Amino acid sequence: MKTSPAALAAALAVTALLAGCSSTPFGAPVASAVAAPAAMSAPAHAGGYLAVEQVQALAGSVPAPFADGSAEQAADRALSDRYRAYEGGDRWLLATGHAELSPRLAAQHFDCALNVRFAAAPTPRLTALFDKVLKDANGAAETAKARAFRPRPVGVDATRTACTVVSAAGRASASYPSGSATVGVAYGEAVAALDPDHAAAAREIGHQIAVSRVVCGMHYPADAAAGEVLGRAVFAQIAATPGFQADLEAARAELAAVRATGLTNPGCAAERAALALPLP
């Protein structure tokens, strides 16, 4: 796909949006044609809303990835290849922005969904909330990845272009389930709870963050889909914790202050145009 005249606007939108910055449970590891990194192991988990045992149980609920040589794997790879058509285009540039999921900046992905500009006022309590959600969601995804290795699209095909700079170790790392999809969807659920009047729009952005990982060539469609399911499951348990409910109230006060500035993100028109593009 050639970059359209709107691509420049989308590139600027990325800057504006960031404001300067599967059915069988996991058991034995599934064999893969690409060897798993030797140091692959489940990460330690601390600092989120959930207990280690909850995170481990959530990771264990993730279905195993498609078996090597299966028809399902072949179809998933074929669908992934169709996303190459978006390289360099408007949706690709938006996916580049979506790769930034640090708690300090990630709220700004939801500017347009909430019709605000999060950079307009300090939001330390929302950042702290996102930090805990990130630890739980990413902890669950990384624990699941350690149970069965599936290589990334950019690991299977060294010539495939990723939408962000990726090291050799990054290309060789595990793809299933998508950690970014898990985190993005969990963020979307948290923002939906933060602003119920814009819940559907917030959840859609969480979904689009997951789609962006497929656009980027960093994950197969099934990896992103599994991450979305896991992200919703993680958040369902987070939402039941007293700590989250207390942080949510504090974050709502910050959102009110952000909204009181009257500022909105100038990149929203470009975001809408990029998201309107049909996908495979």
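For the structure itself, look to the data block above.
Residues numbered from 1 in each chain as written. Predicted model: local features only at pLDDT ≥ 70, side-chain atom pairs only at ≥ 80, totals over all residues. Heavy atoms only, no water.

Student: Could you clarify how one ought to interpret the overall build of the protein chain in this entry?
Tutor: Check the secondary structure of the protein chain and you find 14 helices and 0 strands. Taken from the N to the C terminus, the helices and strands of the protein chain come in the order α-α-α-α-α-α-α-α-α-α-α-α-α-α. Sorting the 280 residues of the protein chain into buried and exposed places 49% on the buried side. Total accessible area on the protein chain stands at roughly 11,500 Å², and carbon and sulfur atoms take up 60% of it. (Helix = DSSP H or I, 4+ residues; strand = E, 2+ residues; numbered from the N terminus. Buried < 20%, exposed > 50% of the residue type's maximum accessible area, 1.4 Å probe, protein only. Areas by Shrake-Rupley, 256 points an atom, 1.4 Å probe, with all protein chains shown as cover.)

Student: Explanation requested: helix α11 (residues 199-215) in the structure shown.
Tutor: Note: α-helices contain 3.6 residues per turn, so residues at a spacing of three or four share the same orientation. The first and last C-alpha atoms of α11 sit 24 Å apart over 17 residues, in line with the 24 Å expected at 1.5 Å per residue. In terms of residue burial, α11 counts as a mostly covered element, since 12 of its 17 residues are buried. Looking only at α11, the buried set comprises Ala-199, Ala-202, Ile-205, Gly-206, Gln-208, Ile-209, Ala-210, Val-211, Ser-212, Arg-213, Val-214 and Val-215. As for α11, its buried residues are in contact with α4 (90-98), α6 (111-114), α10 (179-194), α12 (221-238) and α14 (268-275). Gly-217 lies just past α11 and shows a positive phi near 80°. (Expected span 1.5 Å × (residues − 1). Contact = heavy atoms within 4.5 Å.)

Student: Teacher, can you tell me more about the state of the cysteines here?
Tutor: Linking two cysteines covalently through their sulfur atoms gives a disulfide. This model, assessed by the stated rule, comprises 2 disulfides. Sulfur-sulfur distance for the disulfide between Cys-163 and Cys-216 comes to 1.8 Å. Taking the sign of the S-S torsion, about 55° here, the bridge from Cys-163 to Cys-216 comes out right-handed. Highlighted residues: Cys-163 in the loop between α8 (153-156) and α9 (168-171) and Cys-216 in the loop between α11 and α12, separated in sequence by 53 residues. Cys-216 matches Cys-163 in its accessibility class, with the two residues each being buried. (Disulfide = S-S within 2.5 Å.)

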